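Now for the letters of each chain:
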There are 2 protein chains.
Amino acid sequence: MKKSVLVVSLFLVLFQSCKKIDQKNQVFNPTPVKEIVLDSLRHPWSISFLSEDEVLITEKDGDLIKANLKDKSRIKIKGFPSDLVDSIRVKDFRDNSGLFEVVQHPNFKSNQLIYISYAAENSNGTTTKIIRAKLNDDSLTNIETIFVADPYRFDLFHYGGGMVFGKDSKLYFTIGERYYNENEQPTLPIAQDLDDKRGKIHRLNDDGSIPTDNPDFGNEKISSIYATGIRAAQGIALDTLTGMLWFSEHGSVQGDELNLLQKGANYGWPIKTTGKYRNSNYEPPIMENVEFTAPQHYWLQTIAPTGLCIYRGSEFPAWQGDIILAGLSRGSLWRIKLDGTTPIHVEELFVNDRVRSRKVAQSPNGKLYMLTDEPNGKLIRIKPAAKDD
Amino acid sequence: MKKSVLVVSLFLVLFQSCKKIDQKNQVFNPTPVKEIVLDSLRHPWSISFLSEDEVLITEKDGDLIKANLKDKSRIKIKGFPSDLVDSIRVKDFRDNSGLFEVVQHPNFKSNQLIYISYAAENSNGTTTKIIRAKLNDDSLTNIETIFVADPYRFDLFHYGGGMVFGKDSKLYFTIGERYYNENEQPTLPIAQDLDDKRGKIHRLNDDGSIPTDNPDFGNEKISSIYATGIRAAQGIALDTLTGMLWFSEHGSVQGDELNLLQKGANYGWPIKTTGKYRNSNYEPPIMENVEFTAPQHYWLQTIAPTGLCIYRGSEFPAWQGDIILAGLSRGSLWRIKLDGTTPIHVEELFVNDRVRSRKVAQSPNGKLYMLTDEPNGKLIRIKPAAKDD
């Protein structure tokens, strides 16, 4: 055999061996490690990437800020409405009030519009409000109210507040039922009442008007409702590849859930739940001819699931299409491997380094980040371990 | 550039690119899928590979059998002692009695010796017994009793019965405390009493004699004891690479644990637990000057962990060194990624296909298998998905 032929043969063997690995459903995956990118954030709630290195961050107990991930500089965005609940006060350890999600308009680059959800207050209490504003340099201008989840009331939890634009350029958002205990439910439970905005997922056009193709629950009903039977959903996220929307939901006692959003679906609360009622004597009304949609996954322990993303980055190829989800309770970072829409493997990451986590998000280039729910909150990058890690 | 030089350069580029992947802590990993290899097993408890395709299997509610994984043939091994608890009867839904582990002597190929743990009975009740026997064709001969976890008593649970040979060729095995509720504990709890064999991990020479280097708990104490403070451990496994021994332990209410076996260690039960007592009024005695060893991991939900292995196969490279653990409760198959001896990621596999699982084991060639704890129990191979799966 000539020398060059031998080399070519070796080359082919090596090439085939690389190819074979690929063909056998094998994918590369690095070891994930954490890198703190920002700290001293006051209970950060959400992050929106203006570019790979410039972000908007909402602090639940603070401000809407703009930060640079490279030089670590940060500024407060001016002009926020004054009805934001002053969350410095601590009325109740379960206090969820403050700033929630910030998302960009699908055409943000040309119109500079952003949407912010927050706990607003008036003399009757507080509720979830969504505003649209123009981000003009470092100030909000042209502020418009897009949605108010009235009635206002004095309890300070289960606002919901998660928002995302779908592939259809509609704004989807979560509104919790605002009740802590089933004792307080009216005869027709809040989340099942189509005359009540609470305990629902809503869908609006970018200007706050009602899309013509929203589900038809009847003429007299609240027309922004897209799905019902929600107790306390916060996180909602778009799978940019499939267009599917996923949302997490807090259970009462256990019953923490991961759900796939479907038009007009009823997720069952409080008639049907994968957890237990806080009030063991509570007997939900019987609802006939109602079809309930089960969660795609639920946990047997309390994880308090919140902000999530569907991983479409390239740094962790084996995680492609997995749901990465933050938890406020002891399990802080979860990865859910799907087969289609069915969870098949559920991994709790970093069990040796648990922290209350609020949000998981991806940068435009697909880098994975998480926010921790702490007074000294952190933005953490989840990155592949370097060779010497 | 000459043609052969070009080819060599291409070769090097490709080689470097393959190498680079390796260097970046990236490993290949295929998608795991299940393949049923055997069924109609009566609550199989353990498996021991005589070769890649021939195995011994203990059925908790049946026999010691020999099976061929290729032609699916199986025979009952004759000559088992008659004091095996007849587990066809069902006295109690918590009945754990029956056949437990079968393991081979480190020199099995030359001496044909096997060890079997099982629930034995006499007129005073039942207890865990370990025998050694020669596997002579399809019969047991030369049967010797190696260990009896007296006293016999009439409760039918927490026998333990997990066995493994260490790298030191000593036999390690788990004996549960045999109590279901803390109410029944004597003043000095069983698992803390060094005059009691129960609630311990023991270590013996292959002939049942006491190793000279067992921990020294005092002259009058039971000299086979290697570790104390065990409630209801079943699974115990050797990491063939590191020589470390790991064992799982059932909690009372929560408190399911994964432990690293250490000479002379006290794992705390019932003084210290990561779960809750069944009897909320139970107050354990105060033990002073006693150091308790914490589990490496514990679950916040009930998983009922049992037979485990430390993965050293090659089919799932990313799982190298991970602990794969079976659960009897809803979570049936767990993978625990370690950093040294610290769990960092904990994955529940096949959440869409949960089954009561008893044991995870590897074949001589490193293939991964599990046994399901069912009347129609199965031996399942966990294998890489084929290209078209």
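The model shown is predicted, which means the values in this text are computed figures rather than measured ones. (Residues numbered from 1 in each chain as written. Chains lettered and ligands numbered in written order. Predicted model: local features only at pLDDT ≥ 70, side-chain atom pairs only at ≥ 80, totals over all residues. Heavy atoms only, no water.)

### Side note on the sheet that holds strand β19 (residues 305-310) of chain A
Here is the rule we go by: For two strands to count as paired, DSSP must find a minimum of two bridges between them. A run of DSSP states H or I qualifies as a helix once it reaches four residues; a run of E qualifies as a strand once it reaches two. Both are numbered from the N-terminal end. Angles shown run from 0 to 180 degrees and are taken between the N-to-C directions of axes, each axis being a line fitted to C-alpha atoms and, for helices, limited to the stretch in contact.
Ordered in space as β19(A)-β20(A)-β21(A)-β22(A)-β22(B)-β21(B)-β20(B)-β19(B), the eight strands form an open sheet in which the pairing is antiparallel. In this open sheet, the two edge strands, each paired with only one partner strand, are β19 of chain A together with β19 (305-310) of chain B. Between one strand axis and the next, the sheet turns by 25 degrees as a mean value, whatever way the strands run. Two elements, β19(A) and strand β20 (residues 323-327) of chain A, share four bridges in a ladder whose sense is antiparallel. Bridge pairing in β20(A) places Cys309(A) opposite Ile324(A).

### Some remarks on the pairing of strand β12 (residues 171-175) of chain A
All names here are of chain A. Rule in force here: Per-residue accessibility, obtained with a 1.4 Å probe over protein chains only, is compared with the maximum for each type, and a residue is labelled buried under 20%, exposed over 50%, and partly exposed between these values.
Here β12 lies mainly inside the structure; five of its five residues are buried. The alternating pattern of β12 places Leu-171, Phe-173 and Ile-175 on one face and Tyr-172 and Thr-174 on the opposite face, and all of these are buried. Sheet topology note: the strand β11 (residues 163-165)/β12 ladder contains three bridges and is antiparallel. Within β12, the position partnered with Phe-165 by the bridge is Leu-171.

### Description of unusual backbone geometry
With an omega of -5 degrees, the peptide bond running from Trp269(A) to Pro270(A) counts as cis. Note that Pro270(A) resides in the loop between β17 (257-260) and β18 (297-298). Asp150(B) connects to Pro151(B) through a cis peptide bond whose omega is 5 degrees. With phi around 70 degrees, Arg178(B) is a residue other than glycine that occupies positive phi space. As for its placement among the helices and strands, Arg178(B) is situated in the loop between β12 (171-175) and β13 (200-204). Phi at Gln254(B) takes a positive value of approximately 60 degrees, unusual for a residue other than glycine. You can see Gln254(B) is positioned in the loop between β16 (245-249) and β17 (257-260). Residue Gln254(B) is classed as partly exposed on the basis of its relative accessible area, which comes to 27%.

### Some words on empty space enclosed by the protein
The gaps left among the atoms become clear once a water-sized probe is rolled over them. For clarity, the cut-off: Residues are said to line a cavity or pocket when one of their atoms sits within 4 Å of a point; the points come from a 1 Å grid over protein atoms alone, cavities being sets where a 1.4 Å probe fits but cannot get out and pockets being open sets with protein on both sides within 12 Å along at least five of seven lines. Grid points are joined across faces, edges and corners, and a volume is the space filled by probe spheres set on the points. Ten residues, namely Ala, Val, Leu, Ile, Met, Phe, Trp, Tyr, Cys and Pro, are considered nonpolar, four, namely Asp, Glu, Lys and Arg, are considered charged, and the remaining ones, Gly among them, are considered polar.
Under the defined criterion, the tally for this structure stands at three cavities of 30 Å³ or more. In this structure, the largest cavity is lined by 18 residues; those nearest its centre are Gln301(A), Trp334(A), Gln301(B), Trp334(B) and Glu348(B). Put simply, the parts of the chain that give the lining of the largest cavity at least two residues each are β18 and β22 (342-348) of chain A together with β18 (297-298) and β22 (342-349) of chain B. When its residues are assigned to classes, the lining of the largest cavity shows ten nonpolar, four polar and four charged.

### Describing the nonpolar core
Applied cut-off: To form a nonpolar core, buried Ala, Val, Leu, Ile, Met, Phe, Trp, Tyr and Cys residues must be joined to one another through side-chain atoms within 4.5 Å. Contacts are assigned to residue pairs that have any heavy atoms within 4.5 Å of one another.
Within the largest apolar cluster, 19 residues are counted, with the highest numbers of intra-cluster contacts made by Leu56(B), Leu64(B), Phe80(B), Ile114(B), Ile116(B), Leu135(B) and Leu140(B). Put simply, the parts of the chain that give this core at least two residues each are β7 (99-104), β8 (113-122), β9 (125-136) and β10 (139-148) of chain B. The element that contributes the greatest number of residues to this core is β8(B), accounting for four residues. Other than its neighbours up to four places away in sequence, Leu64(B) contacts Leu56(B), Ile57(B), Thr58(B), Ile75(B), Lys76(B), Ile77(B), Leu99(B), Val102(B), Ile114(B), Ile116(B) and Leu140(B). Within the second largest apolar cluster, 18 residues are counted, among which are Leu99(A), Ile116(A), Tyr118(A) and Val148(A).

### Notes on the pattern of salt bridges
The following threshold applies: By convention in these notes, a salt bridge is any Lys or Arg side-chain nitrogen within 4 Å of a carboxyl oxygen on Asp or Glu.
Scanning the entire structure with this criterion turns up 57 salt bridges over all chains. In this structure, Lys221(A) and Asp195(A) form a salt bridge, with 3.5 Å as the shortest nitrogen-oxygen distance. Of this pair, Lys221(A) sits in the loop between β13 (200-204) and β14 (225-227) while Asp195(A) sits in the loop between β12 and β13, and the two are 26 residues apart along the sequence. Through salt bridges with shared partners, a single network forms among Asp322(A), Arg335(A), Lys337(A), Glu347(A), Asp322(B), Arg335(B), Lys337(B) and Glu347(B).

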